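# Overview (structure and organization)
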Amino acid sequence: MKSLSKCNKALLICLIIFYCTRPVIRDRPSAKRAIYICGQPRWVFVLIFSTASFLLWFLSCGLLIVLWASAVGLLATILHASFRTPNLKARLNTFREEFRAVWRNYIEI
């Protein structure tokens, strides 16, 4: 292991940890065995990376953009639903029949 760099050693250790903490598929999956990453429980890394992701999202104003887009989408949906005419399908069928009648008269001329 002397020829491996520090980065490769860390990668090898992470692979060994991943291999040793995999659930067993043959018999019963081991749901009670905790998964450790670099000696820490998995939830610690999930919490750290989730917090970092949220902070970067918040600091880059991406959160504000997503909230504005959601508000505009909800408002557009509500406006569309309130201005919809009832029985739209029947009105379109009536228009289609009227168009066909006018088209038949136009062809006969």
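Computed from a prediction, not measured in an experiment: that's the story for all the values here.

### Overview of the packing of aromatic side chains
Using the criterion set out here, one finds four aromatic pairs in the structure. When the ring of F54 is compared with that of W57, the centres are 6.4 Å apart and the planes differ by 85°; the resulting orientation is edge-to-face. With a gap of three residues between them, F54 and W57 both fall in helix 2 (residues 42–59), about one helical turn apart. For W57, a relative accessible area of 38% translates into the label partly exposed.

### Some points on the UniProt feature "transmembrane region" (unreviewed entry) in the chain
Residues annotated in UniProt with the feature "transmembrane region" (unreviewed entry) correspond here to residues 42–75. Secondary structure content for residues 42–75 is 94% helix and 0% strand, and the end C-alpha separation is 40 Å.

### Observations regarding the pattern of salt bridges
If you walk through the whole model with that rule in mind, you get one salt bridge. As a salt-bridge pair, E97 and R100 come within 3.8 Å of each other at their nearest N and O atoms. Of this pair, E97 and R100 both sit in helix 4 (residues 88–108), separated by three residues, roughly a single helical turn.

The rules behind the values
- Residues numbered from 1 in each chain as written.
- Predicted model: local features only at pLDDT ≥ 70, side-chain atom pairs only at ≥ 80, totals over all residues.
- Heavy atoms only, no water.
- Phe/Tyr/Trp six-rings, centres within 6.5 Å; stacked < 30°, edge-to-face > 60°.
- Helix = DSSP H or I, 4+ residues; strand = E, 2+ residues; numbered from the N terminus.
- Buried < 20%, exposed > 50% of the residue type's maximum accessible area, 1.4 Å probe, protein only.
- UniProt positions renumbered as here; feature names shortened; annotations may be inferred.
- Salt bridge = Lys/Arg side-chain N within 4 Å of Asp/Glu carboxyl O.

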